[in-house]
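Descriptive structure summary
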Amino acid sequence: MPPKFTPRQRKHKVIARQNQNAALDNASADANATEIIPEEQRLRNEKKAALKNELVAEIKGKMSGKKKKRLDKYVETKLKKEENLVLLKKLAEQKMDTTLLRRSKNMGESTQKKRERPVEGPEEFHSESGSGSEDETVRERPRPGKGAKKAVASAEEKPAAHTASSAEAKSVGSAGLFGTGLKRPLEVDESGKPVIQVRKRRKAKAKGKPVVIEEEVPWEGFNSDEDEDEEESGSGPGSASEESGGSEEEDESASASDDSEEDSEEESSSDTSEDENDKSARKERSNAFKAWATTQRNEAIGFVPTNNLTYAIPPQPKNFTPRAPESDPLPPELETKTATDATRKAYSVAVERTPEIQEARLQLPVVAEEQKIMEAIHNNDVVVVWGATGSGKTTQVPQFLYEAGYGAPDGPTPGMIGVTQPRRVAAVSMSKRVGDELGSEKAKVAYQIRFDTSTSAKTAVKFMTDGVLLREISQDFILTKYSAIVIDEAHERSVNTDILIGMLSRIVDLRADLAKKDPKKNKPLKLIIMSATLRISDFTDNKRLFRQGPPPLLKAEGRQYEVTNHFARKTQRDYVEEMFRKVCRGHRKLPRGGMLVFLTGQNEITHLAKRLRQTFTSSQSKEVTTGKVQISPEQTSLETEDIELGANKDDYHDDDGSDSDDSIITGLDNDEDKDEFEDEGGFDIEEGETESEELKVHVLPLYSQLPTNQQMRVFDAPPEGSRLIVLATNVAETSLTIPGIRYVFDCGRAKEKKYDLTTGVQTFEVGWISKASANQRAGRAGRTGPGHCYRLYSSAVFERDFDEYAEPEIMRTPLEAVVLQLKSMGAPVLGFPFPTPPDRTNLQKAENLLLYLGAVSLDGKVTKLGHELSLYPLNPRFARILVMGVAQNLTAQTIALVAALSAPELITPENKLGLREPPLADPSHIRTEQDNVEAEERSRLRKAYNKALAKLAVNAKHSDCIKLNNAVCAYAYESDGDAFCEDMFLNAKAMREAGQLRQQLTSIVRAHRPTALSAYQTKLPAPSSSEVNLLAQICAAGFIDQIALRADLAPIPPELPRKPKTAIDVPYLTLFSSTSQRASKEDPARQYVYLHPSSLLARTPPAKLPAYIIYSHLQRAAPSTVDATTSPKTRMHPLTPVTRPQIVNIALNTPLLQVGKPKGKIVERVVG
DNA sequence: CTCTCCCTT
């Protein structure tokens, strides 16, 4: 909600702020922590000058009136979104502060100014390549021998503007105290309003206009007509080449491309109202992008064979049979879209395969389509291949390409074939399989994933994760090394796949242009998009994406065994209970064959696994409990509420239409026992199976967090005389294929992380899956033979409530990483050809965050810092932390910290230990020896857990981020990492990843800043006490927008019914509202957030809790099913406590706060 | 007093 500044409220605020300051001073009086800069003294002075403080506010109030009118008008016409409004007002106010502060600063601090440089904005491209400009100001110990000379030079270069009257400034002279973060005076226009500094080229445009007003809706500049205009104006590539000092070469290539790009210039010069100067400036900029692309290409020119290409057909092996001529005429969609190369020479690479492989290949439907597919690829730059599961497209299409000469170094298309997969395992396993199938050419196939690669100079077919290819694009935009790219699993619509497709649509055009101009040097790039569903209209009917028209679609039928779907008559709300009953009945009645049970989470899985093992004889003797509690399905509650009464008559069944199968569904679903027995007989006769009564169960859980070796157990054959029952989450839907599954039980739901766009609170919700997902789950029963899928929902619910397809990931995930990456590559954001364009508020949210981090400037351009952040394979927040750590000379420790923060669920949360007393199944249950043994075990576990946590917290000083850092440091000293993780309740998989990430980050930092740290060493000592203080502050730099203030220290403290007794009952207020306005009106308590019990701070006495906490995220539990009247509290996951001076220190170096906010500002925002 | 599905550079 935008603060309204009526004079009365303003006065009230000033008073409130003074109260606040008093409170804060108390809070920070005990701040014995090391400060990054010795600012504390100054801040104390600042406090003494409270009166002057008020003066500033008043002057600001006057100006604010003027400014406010303009802002309001602007807002009325241009902005609907509340958040934009808040941001703009904020920024406007800051700019005004800046003006004041600068003026006062100019009065007497000019010497101080000489070593200051802007933290963001195009000017900083003048700075040398050594270190980010933020170094200077945050550094505790100034680095000697650096910067002085150069800084003076730069100060001379750009003398500060002194045009504004200094009368006001004099009267607020000491306000300069707040301005310590000011890098450089802003320019001011005639009316005294600040002007943002822009790059020289753009100056004409921006000159003399106030920042906020000039910038309209910042995104509108990026429409697709101006793609190139926007692309070139991104500063990433430009800054890179400036830094590398190759300016002469750059000019050369720029002018070269100037000459050769006449036609494309015509397209972009449609705006006739532009004057000539603007036009030529625009042309210059427009060509810069192409120039950059040309440079990229030229850099790799060594790889492209020059003019002695041989097009001759190589000697053919004995068993080579020429391809049969095309018999059918091409369907219309296969007709040539791009320039037909009628003279195309035949070229092929011979592959010798074993007869077994040959035969197996011939079974695959896609092989029958080879001719059509390859013909379409030759005639079109972009092709979409649809092939259902089992069509063999993933393994065969890359081989078709290879045999047609793609990737052959001496052929007409020498570049590699790149195949992307959304998951690492898939990339590795597919490369192995295709390598095997290529027999004699096995050595040409390789894979590359984040921490591992098998590529060599010989590699012709490269399987990789989509993230790897995205990284490669950011280094070589036109993908010089490739002649064809295959995007697999495009139907999954992961963010990376979507971005890749958008990028590649442009790269393909660019390469086609280049090839036209110099066919000998440049070859077109072929793009093959592969999907397993027919949801491809987002790609094919997307004019923005494929400007040449829709790409041709090629179909290959799947080859799967038939799976019969059995819908439930009723859809039970308590699906776990229902699942237990169905699996029990199914196990008793169904013939041999593995079962795969889809549930939504780990808790459900462990719960159900336990009950199944108790109910049946388990093959896992170790886990058989002696005090078996028999709960038959009949005894369990039948009072579950029906969501919906499925229409009995039109029960859905698949094509198969077998009535006996239908009756089994009824049997399985019927609550009455009698039917069940009748059905059983019928079923058994049909399947000729009689021994199911004897069958034991072999129950295995399967979810992502499970240690790998336990996951692997699902691939082993179950013990003789037992049935494999796998209880799985969504991992089993796509990532892992379990052999021998004949029956699938699908609860029809999945757990999904939801992220509230306005408040940032995350929740986990269980919701319906899509029809496509349901069919995918069912399909898991048909891998090795015909199968059955039992669905715990009625066909009516399926038809009515299930979406056709899941929403693309880009619509429901934070986008700061995507936006930063696009911007740093110089790609437009709004104009980017997304297959499905993401929500604008979501993009704006990402943009705001990047602004807070200093990664983009106010006009939406990437800053030098932003470009540096994009070089790290990290979320921008973590990259910001890393860069801050380098600047603070604490590189190795910060790398460990970032690695720890990046790993999910590093420490096993207490609630996953199963420490809770199990609920008594029966009130009359008498405590058995077994119960006692279990209770003892729980108590032992709890003690061990607390001990482990205490170890990790030993020097952490209530900083949870240090706790994580300690885990990584300690792990590095262990020879047996897995055992250590076991003892310390750490996630071994995550710890291993964190270790690898440390290594990766070390080499990247060293490449970028050779002096920052020495070579990677596994062992890293835990941080010293002063390092802990510094590290915690460095950590806060990545989360500067996520500050919580203890609510009782706020100007208007909450009226609590009673004093909080424990730390987790103490209310905090967040910088940005953590709840919607409506919700906080209905229930004022909802505006507060509380500590998460897993935090180190949760064990602190309430009175000793810190005033300020930086947190990583807010979370709210799903509403309790038992008690729906009270909604759960919103809880924050703290990273570290911070003192007020520390906040000021860190915030001063972000664009958001760099201009020095008057004291109390943050608090004001919280309240306002 | 928590109550994390699945991916990735």
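Everything numeric here is computed off the predicted structure, so don't read it as measured data.

**Comments concerning the overall build of chain A**
Assigned secondary structure in chain A consists of 44 helices and 25 strands. Split into buried and exposed, the 1168 residues of chain A put 54% on the buried side. In chain A, 78% of the contacts between residues at least 6 apart in sequence involve partners at least 24 apart. Only carbon and sulfur atoms are counted for the fraction: they give 52% of the accessible area of chain A, which is about 52900 Å².

**Regarding the sheet that holds strand E4 (residues 416–421)**
To summarise the sheet geometry, strands pair through backbone hydrogen bonds and adopt either a parallel or an antiparallel arrangement. Read across the sheet, eight strands follow the order E6-E5-E7-E4-E8-E9-E3-E10 without closing on themselves; strand pairing throughout is mixed. Only two strands of the sheet have a single neighbouring strand rather than two, namely strand E6 (452–453) and strand E10 (553–556). As defined by bridge partners, strand E3 (residues 382–387) adjoins strand E9 (residues 526–531) across five bridges and the pair is classed as parallel. Residue pairing for E9: valine 384 is matched across the bridge by isoleucine 529. Here helix H19 (residues 393–403) sits on the sheet in contact with E3, E4, strand E7 (461–465), strand E8 (482–487) and E9, set at roughly 165 degrees to E9. Its contacts with the sheet put helix H20 (residues 424–437) on E4, strand E5 (445–449) and E7, and the angle it makes with E5 is roughly 175 degrees.

**Let's talk about the pairing of strand E17 (residues 741–746)**
Most of E17 sits out of view: five of its six residues are buried. Relative to E17, strand E13 (residues 594–598) runs parallel, the two sharing five bridges. In the strand pairing of E17, phenylalanine 598 is matched with aspartate 746. Relative to strand E20 (residues 787–791), E17 runs parallel, the two being bridged by four bridges. By the bridge assignment for E20, phenylalanine 745 is matched with tyrosine 790.

**Focus on the side chain of arginine 535**
Tracing the sequence through the fold places arginine 535 in the loop between E9 and helix H23 (537–540). The charged side chain of arginine 535 is buried without a salt bridge, its nearest counter-charge being aspartate 538 at 4.2 Å. If we skip the residues at most four places from it in the chain, arginine 535 touches His491, Arg493, Tyr805, Ala806, Glu807 and Pro808.

**What about the environment of alanine 446?**
Its place among the elements puts alanine 446 in strand E5. As for alanine 446 and lysine 458, which are separated by twelve residues in sequence, their C-alpha atoms are 9.2 Å apart. Contacts of alanine 446, omitting those with residues within four sequence positions, involve Ser431, Ser454, Thr455, Thr459, Val461, Lys462 and Phe463.

**Overview of the confidence of the model for chain A**
For chain A, mean pLDDT is 71; residues scoring 70 or higher make up 60% of the total. Low pLDDT, under 50, characterises residues 47–60; the stretch is placed with 29 contacts to residues that sit more than four places away or in other chains. Residue range residues 1154–1168 is modelled with pLDDT below 50. Its contacts to residues more than four positions away, or to other chains, number 58 contacts. Two numbers describe this predicted complex: its pTM, 0.69, and its ipTM, 0.96.

**Some words on the protein's contact with DNA strand B**
What surrounds DNA strand B is a group of 33 residues, the closest being Arg424, Thr465, Ser704, Lys751 and Ala1117. Counting only the atoms of DNA strand B within 4 Å of the protein, the fraction contributed by sugar and phosphate is 66%. A distance of 2.5 Å separates a phosphate oxygen of DNA strand B from a polar side-chain atom of lysine 751. Histidine 1092 places a side-chain nitrogen or oxygen 3.4 Å from a sugar or linking oxygen of DNA strand B. Those elements giving two or more residues to the surface near DNA strand B turn out to be helix H21 (466–475) and strand E18 (749–755). The element best represented in the surface near DNA strand B is H21, accounting for three residues. Per-class residue counts for the surface near DNA strand B are eleven nonpolar, twelve polar and ten charged.

**Quick look at the packing of helix H36 (residues 891–902) against helix H40 (residues 988–1008)**
Taken N-terminus to C-terminus, the directions of H36 and H40 make an angle of 135 degrees; their axes are 9 Å apart at the nearest point. Between H36 and H40, the crossing angle belongs to the class labelled oblique. Helix-helix and strand crossings are classified by hand; for H36 and H40 the assignment is right-handed. Residues Thr891, Ile895, Ala896, Val898, Ala899 and Ser902 of H36 form the contact with H40, whose own contacting residues are Ala994, Leu997, Arg998, Leu1001, Thr1002 and Val1005. Residues that form the contact of H36 with H40 fall into these classes: eight nonpolar, three polar and one charged.

Conventions adopted
- Residues numbered from 1 in each chain as written.
- Chains lettered and ligands numbered in written order.
- Predicted model: local features only at pLDDT ≥ 70, side-chain atom pairs only at ≥ 80, totals over all residues.
- Heavy atoms only, no water.
- Helix = DSSP H or I, 4+ residues; strand = E, 2+ residues; numbered from the N terminus.
- Buried < 20%, exposed > 50% of the residue type's maximum accessible area, 1.4 Å probe, protein only.
- Contact = heavy atoms within 4.5 Å.
- Areas by Shrake-Rupley, 256 points an atom, 1.4 Å probe, with all protein chains shown as cover.
- Pairing = 2+ DSSP bridges.
- Axes fitted to C-alpha atoms, helices over the stretch in contact; angles between N-to-C directions.
- Lys, Arg positive; Asp, Glu negative; His and termini not counted.
- Salt bridge = Lys/Arg side-chain N within 4 Å of Asp/Glu carboxyl O.
- pLDDT = per-residue confidence, 0-100.
- Near = heavy atom within 4 Å.
- Polar contact = N/O pair within 3.5 Å; in protein donor to acceptor, adjacent residues only side chain to side chain.
- Nonpolar A, V, L, I, M, F, W, Y, C, P; charged D, E, K, R; others polar.
- Parallel < 35°, antiparallel > 145°, perpendicular 65-115°, else oblique.
- Left-handed = near helix turned anticlockwise from the far one by under 90°.

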